[in-house]
Amino acid sequence: MQFIDLQSQYKIIEAKISSSLQDICENARFILGREVSEIEEKLAAYTGAEYAISCASGTDALQIALMALNLEVGDEVITTPFTFFATGEVIALLGLKPVFVDISEDSYNIDPTLIEAKITDKTKAIIPVSLYGQCADMNAINAIAEKYELTVIEDAAQSFGAEYKGKKSCNLSTMATASFFPSKPLGCYGDGGMVFTDNEKLSQDIKIIRNHGQEKRYCHSKIGLNSRLDTMQAAVLLAKMDIFPDEVQKRAQIGARYTKLLQNLVKTPDIQDNQTHVYAQYTIEVERDRDGFCERMKEKNIPTAVHYPRPLHLQPVFADLGFKEGDFPIAEKVSKHVLSLPMHPYLDEKTQDEIVAGVKECL
Ligand SMILES: *Cc1c(COP(=O)(O)O)cnc(C)c1O
């Protein structure tokens, strides 16, 4: 049994991928070929964002979005401690200070009611993460940002395809970033990422930053990065976009079926009003002995994963920020209880029943 089955998906899109990769090789358009602008246009249209600028990874997308804000060393960026490391990493990498705000226990996303208390004169941006595939409470976050003139960047690495009050993830704030790491809801066959915005000036700066700060050929107006999306990865994404809306529906059905079968046994995902979930992870909580539970599942050949066992404020590299155990009690508590079950659009009912039976036996 696989945690995420990319082979079944490949069989569906194999012919299209093979022919487009062959075409790219024959025409040698490996860097910024036409497939790159095609996927940018396609994802802008899909999300409703005005501009979509691709880059080399979801981590780079976050870094480029922050670089486009021209912040100063020591400026503060508010984010959640309960996320993949990259969210905090890029903040620190740019000499900025990550300021953590605890999460809501129901959504696992940053708790907007705790944000204002953390705002100082140095606060410049908020990076809410739409964790596991469900958007953070963006309206509430945007309202705070507006009041204090902060920029909001949605880290949508896990939520591409999700909807929030009738709008798509990646089109809910000044900027948003997606990751196309293979296991994300929309993944390529390597690394890839995208920044979304409605702001024309930001879109131009992002485009320059992702290509060595190059404004015109050999004219560099900024310090940037070498962070372009490979043409081959763009072609993979184009093939996958043909089936993506159908996959999002399948994910919703499979997630709902898991919840129906598991809700009286374990804590299942809590879908917020007027939102959809793309289940980048289908994450449950067990009351006790999570690690033992995962071991017992493994003995039954049912793969599980823990996203994430250690919140960012307790990571060794952030020790000098002076955090201690107990600073973000909800994030710390859920990090000890959460685990994710196999989840992908091609999970059949028989396999899902086997997983559910395994959960019952291993509790
Ligand atoms: C995967 C992920 C990233 C980083 O994306 P990469 O494409 O792997 O660099 C950032 N934030 C979150 C929440 C993620 O899940």
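What you see is a predicted model; the values in this text were computed from it and never measured. (Residues numbered from 1 in each chain as written. Predicted model: local features only at pLDDT ≥ 70, side-chain atom pairs only at ≥ 80, totals over all residues. Heavy atoms only, no water.)

Chemist: Help me understand the sheet that holds strand 5 (residues 151-155) in this model?
Modeler: The 7 strands are arranged 1-9-8-5-4-2-3 in an open sheet whose pairing can be described as mixed. Only two strands of the sheet have a single neighbouring strand rather than two, namely strand 1 (51-55) and strand 3 (97-100). Neighbour-to-neighbour, the strand axes of this sheet turn through a mean angle of 25 degrees, independent of strand direction. By the bridge criterion, 5 bridges tie strand 8 (residues 175-179) to strand 9 (residues 193-197) in an arrangement that is antiparallel. In the sheet register, A176 faces strand 9, and the bridge partner there is F196. Packed on one face of the sheet, helix 3 (residues 58-67) meets strand 1, strand 2 (76-79), strand 4 (123-127), strand 5, strand 8 and strand 9 and runs near 160 degrees to strand 8. Each of strand 1, strand 8 and strand 9 is contacted by helix 6 (residues 200-209), which is oriented at about 15 degrees to strand 1, the strand it contacts most. (Pairing = 2+ DSSP bridges. Helix = DSSP H or I, 4+ residues; strand = E, 2+ residues; numbered from the N terminus. Axes fitted to C-alpha atoms, helices over the stretch in contact; angles between N-to-C directions. Contact = heavy atoms within 4.5 Å.)

Chemist: I tried to follow the layout of surface pockets on my own but got confused; where do I start?
Modeler: Empty space among the atoms becomes visible once a probe the size of a water molecule is rolled across them. Approximately 410 Å³ is the volume attributed to the largest pocket. In terms of lining residues, the largest pocket is bounded by 28 residues, among which F84, A157, S179, F181 and K184 are the most central. Those elements that provide at least two residues to the lining of the largest pocket are helix 3, helix 4 (86-93) and strand 8. Within the lining of the largest pocket, the residues separate by chemical class into 12 nonpolar, 13 polar and 3 charged. Here the lining of the largest pocket spans two domains, since at least three of its residues come from each of domain 1 (6-101 + 108-241) and domain 2 (244-362). (1 Å grid on protein atoms, 1.4 Å probe; cavity = no way out; pocket = protein on both sides within 12 Å on 5 of 7 lines; lining within 4 Å. Points joined across faces, edges and corners; volume = space filled by probe spheres on them. Nonpolar A, V, L, I, M, F, W, Y, C, P; charged D, E, K, R; others polar. Domains from an automatic or database assignment.)

Chemist: It is not clear to me how the site of the ligand should be interpreted in this structure. Could you clarify?
Modeler: Lining the immediate environment of the ligand, one finds 16 residues, of which G58, T59, Q158, S179 and K184 sit closest. One nitrogen or oxygen atom from the side chain of D155 is found 2.8 Å from a nitrogen atom belonging to the ligand. The side chain of K184 places a nitrogen or oxygen atom 2.7 Å from an oxygen atom of the ligand. A total of 380 Å² of accessible area belongs to the ligand in isolation, and the protein chains cover 93% of it. When contributions to the shell around the ligand are tallied by element, the ones reaching two or more residues are helix 3 and helix 4. Of the residues in the shell around the ligand, the class split is 6 nonpolar, 8 polar and 2 charged. (Near = heavy atom within 4 Å. Polar contact = N/O pair within 3.5 Å; in protein donor to acceptor, adjacent residues only side chain to side chain. Areas by Shrake-Rupley, 256 points an atom, 1.4 Å probe, with all protein chains shown as cover.)

Chemist: Which parts of the structure should I look at to understand the packing of helix 7 (residues 231-262) against helix 10 (residues 349-362)?
Modeler: Two quantities define a packed helix pair, namely the angle between the helix axes and the distance between the axes. In contact at an axis separation of 11 Å, helix 7 and helix 10 are set at 35 degrees when each is read in the N-to-C sense. As for the relative orientation of helix 7 and helix 10, their crossing is right-handed in sense. Across from I254, R257, Y258, L261 and L262 in helix 7, the residues of helix 10 making contact are E349, Q352, D353, I355, V356 and V359. Residue composition of the contact of helix 7 with helix 10, by class: 7 nonpolar, 1 polar and 3 charged. (Left-handed = near helix turned anticlockwise from the far one by under 90°.)

Chemist: Just to check I follow, could you spell out the pairing of strand 4 for this structure?
Modeler: In summary, the side chains of a regular strand alternate between the two faces of the sheet. Within strand 4, 4 of the 5 residues are buried, which leaves the element mostly enclosed by the surrounding structure. The pairing of strand 2 with strand 4 spans 4 bridges and is classified as parallel. Residue pairing in the sheet places T79 in a bridge with I127 of strand 4. Of the strand pairs in this sheet, strand 4 and strand 5 are connected by 2 bridges, and their pairing is parallel. The residue of strand 5 that forms the bridge with A125 is T151. With helix 5 (residues 138-148) bridging strand 4 and the parallel strand 5, this β-α-β connection has right-handed handedness. (Buried < 20%, exposed > 50% of the residue type's maximum accessible area, 1.4 Å probe, protein only. Right-handed = clockwise from strand over helix to strand, strands pointing away.)

Chemist: Can you help me understand the domain arrangement of the protein chain in this one?
Modeler: Interfaces are often sized by the amount of accessible area the parts lose when they come together. Here the protein chain is described as being made up of domain 1 (6-101 + 108-241) and domain 2 (244-362). Between domain 1 and domain 2, the residue contacts involve 38 residues of the former and 36 residues of the latter. In total, about 3000 Å² of surface goes out of reach between domain 1 and domain 2, with carbon and sulfur atoms giving 65% of it. Three residues, Y108, Y132 and Q134, lead the burial of domain 1 against domain 2; their summed loss comes to 24% of the area buried on that side. (Buried area = accessible area lost by both parts, 1.4 Å probe.)

Chemist: Looking at this model, I keep getting lost on helix 9 (residues 329-337). Mind explaining?
Modeler: Among all positions in helix 9, only A331, E332, V334 and S335 are buried. Turning to helix 9, the residues buried within the fold contact strand 12 (282-285), helix 8 (290-299) and strand 13 (338-341).

Chemist: Got a minute to help me understand the nonpolar core in this structure?
Modeler: Within soluble globular proteins, side chains that are nonpolar generally end up buried alongside one another. Ranked by size, the top nonpolar core spans 49 residues in total, and within it I39, L43, I115, F160 and F196 carry the most contacts. Those elements giving two or more residues to this core turn out to be helix 1 (6-27), helix 2 (34-47), helix 5, strand 8, strand 9 and helix 7. In terms of residues, this core owes the most to one element, helix 7, which gives 9 residues. Counting contributing residues per domain, this core is built from domain 1 (6-101 + 108-241) and domain 2 (244-362), each supplying no fewer than three. Filtering out sequence-adjacent residues up to four positions away, F196 remains in contact with L43, A44, T47, A49, Y51, A52, F160, C170, T174, M175, A176 and A178. L62, V90, L96 and L202 belong to the second largest nonpolar core, which has 23 residues in total. (Core = buried A, V, L, I, M, F, W, Y, C linked by side-chain atoms within 4.5 Å.)

Chemist: Honestly, unusual backbone geometry in this entry has me stumped. Any pointers?
Modeler: With the exception of glycine, most residues fall at negative phi, and the peptide bonds are largely trans. The amide bond that connects H307 to the next residue, Y308, takes the cis arrangement and shows omega of 5 degrees. For N70, which is not glycine, the phi dihedral falls at a positive 50 degrees. One can find N70 in the loop between helix 3 and strand 2. Residue class for N70 comes out exposed when judged on its relative accessible area of 57%. Of note, the phi angle at C170 is positive, near 85 degrees, even though the residue is not glycine. By the element assignment, C170 lies in the loop between strand 7 (167-168) and strand 8. Taking relative accessible area as the criterion, C170 reaches 2% and is therefore assigned buried.

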